[in-house]
Amino acid sequence: MSTSEVILEEQGLRDGLQTLPMVIPTEKKLEWIARLVDAGVRRIQVASFVHPRLVPQMADAEAIFQQLDRRNGVVYSALVLNQKGVERAIAVGVQHLAISVSASDTHSQKNTRMTLEEAKADFRHNVRLARAHGISVRAGIQCAFGCRYEGRIPAQRVFDLIKHHLDAGADEIALADSTGMAHPVQVRELVAEALILCGATPLALHLHNTENKGLANLFAAYEVGVRQFDTAFGGLGGCPFIPGATGNIATEDTIHFFRQMGVETGIDLEKVAAISREVESMTNAHLSGALYKLPALLSAS
Ligand code: ZN
């Protein structure tokens, strides 16, 4: 296994694909998962156990986990939103789950029909259920840096949620800039405090590039000590047919960005880029990443 100084968790299969209007066949997803692992990816979110009518792209979550060729040393995770999702994940032997609440009351109510307080109680219940079945839990905080409805989220609310998640038994904490509204100074200040609160519990950042500040925010977080980031191949995500909407920061761009600074991710840029190019030609989606479009020689330098 390659050693890496930063860990990138690949989100393209879930956060990315779920935004596509066409459903990708299970066999194709399994092929991409295998190729990403071959490229050196060691953490990968492969599905979400959500209602198949709401997210048809994720209707094959069970099939993915049943047919997955699980490799040692690779974390295959799934996202769940409720108890039903946890139960489905338990049934197919998922070992790592992402469970989150939104720091924005308005977003929480629109997304889950629960107030923040209700969502916190539900979260604790789901974390307990998952951990009772030997599943490790990444406890997420969505909209940690800003909300389109509420604007800037008070930092204290995020800190309170981190403490809440740690008390609930989280194995790691993830702060999500779901809206891409974060800026580097805010990231630096919030994350520095969050790292202190987390102590020995790993802290990951889930950054969206909606306002084109993804890598700047990543760098701010890296400088204060974060070593785990979510990325998506090609920057896939956001609705590809809505101008300006973008997904997570692109995996290839992040590999390249770190490599130029002498920080190793352990992931082969060109192997990931080949998948992004395939997704682009299969779907006619315009991906927001930069590096997958460049010839291999340029990205290697
Ligand atoms: Zn996301």
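Everything that follows concerns the structure shown earlier in this document.
Definitions and cut-offs
- Residues numbered from 1 in each chain as written.
- Predicted model: local features only at pLDDT ≥ 70, side-chain atom pairs only at ≥ 80, totals over all residues.
- Heavy atoms only, no water.
- Helix = DSSP H or I, 4+ residues; strand = E, 2+ residues; numbered from the N terminus.
- Buried < 20%, exposed > 50% of the residue type's maximum accessible area, 1.4 Å probe, protein only.
- Polar contact = N/O pair within 3.5 Å; in protein donor to acceptor, adjacent residues only side chain to side chain.
- Contact = heavy atoms within 4.5 Å.
- Salt bridge = Lys/Arg side-chain N within 4 Å of Asp/Glu carboxyl O.
- Donors = N, O, S within 2.8 Å, 3.2 Å for Na, K, Ca; no water.
- 1 Å grid on protein atoms, 1.4 Å probe; cavity = no way out; pocket = protein on both sides within 12 Å on 5 of 7 lines; lining within 4 Å.
- Points joined across faces, edges and corners; volume = space filled by probe spheres on them.
- Nonpolar A, V, L, I, M, F, W, Y, C, P; charged D, E, K, R; others polar.
- Pairing = 2+ DSSP bridges.
- Axes fitted to C-alpha atoms, helices over the stretch in contact; angles between N-to-C directions.

1. Here's the deal with the side chain of Arg14
Okay, so step 1: Position of Arg14 relative to the elements: it lies in helix H1 (residues 12-16).
Okay, so step 2: Here Arg14 falls in the buried class, since its relative accessible area comes to 7%.
Okay, so step 3: Within the structure, the side chain of Arg14 is placed 2.6 Å from the side chain of Gln45, a separation counted as a polar contact.
Okay, so step 4: With near-sequence residues (within four places) excluded, Arg14 lies in contact with Gln45, Ala47, Ser48, Met58, Leu79 and His206.

2. Remarks on the pattern of salt bridges
Okay, so step 1: One pass over the full model with this rule turns up 22 salt bridges.
Okay, so step 2: Two residues, Glu278 and Lys28, come together in a salt bridge whose shortest N-O distance is 2.5 Å. Remark: Lys28 occurs in helix H2 (residues 26-38) and Glu278 occurs in helix H11 (residues 269-283); sequence separation between them is 250 residues.
Okay, so step 3: Glu278 sits in the buried class, given a relative accessible area of 19%.

3. As for the coordination of the zinc ion
Okay, so step 1: The coordination sphere of the zinc ion contains the protein donors Asp15 (OD), His206 (NE2) and His208 (NE2), at a distance range of 2.0 to 2.1 Å.
Okay, so step 2: Read in sequence order, the donor residues for the zinc ion give the motif D-x190-H-x1-H. Taken together, the residues Asp15 in helix H1 and His206 in strand S7 (residues 203-207) connect sequence positions 191 residues apart.
Okay, so step 3: What makes Asp15 buried here is its relative accessible area of 9%.
Okay, so step 4: Among the residues examined, His206 registers a relative accessible area of 9% and is labelled buried.

4. Brief notes about the layout of surface pockets
Okay, so step 1: In this structure, the largest pocket encloses a volume near 1,400 Å³.
Okay, so step 2: Surrounding the largest pocket, 46 residues form its lining, Gln18, Leu81, His107, Asn111 and Gln142 being those nearest its centre.
Okay, so step 3: Element by element, the count of residues in the lining of the largest pocket is highest for strand S5 (residues 136-142), at five residues.
Okay, so step 4: For the lining of the largest pocket, the class distribution of residues is 18 nonpolar, 20 polar and eight charged.

5. Notes on unusual backbone geometry
Okay, so step 1: At Cys143, a position not held by glycine, the phi torsion is positive, near 55°.
Okay, so step 2: Residue classification places Cys143 among the buried positions, given a relative accessible area of 2%.
Okay, so step 3: For Asn212, which is not glycine, the phi dihedral falls at a positive 65°.
Okay, so step 4: Looking at the element boundaries, Asn212 is found in the loop between S7 and helix H9 (214-223).
Okay, so step 5: Using a relative accessible area of 66% as the deciding quantity, one classes Asn212 as exposed.

6. Side note on the sheet that holds strand S8 (residues 228-231)
Okay, so step 1: If you trace the eight strands once around the closed barrel, you get S1-S2-S3-S4-S5-S6-S7-S8, paired in parallel fashion. In this sheet, adjacent strand axes meet at a mean angle of 30° when their direction is disregarded.
Okay, so step 2: Pairing geometry for S7 and S8, over two bridges, is parallel. Along S8, the bridge assignment pairs Leu205 with Phe229.
Okay, so step 3: The strands touched by H2 within the sheet are strand S1 (7-10), strand S2 (43-49) and strand S3 (75-80), with S2 carrying the most contacts at an inclination of about 160°.

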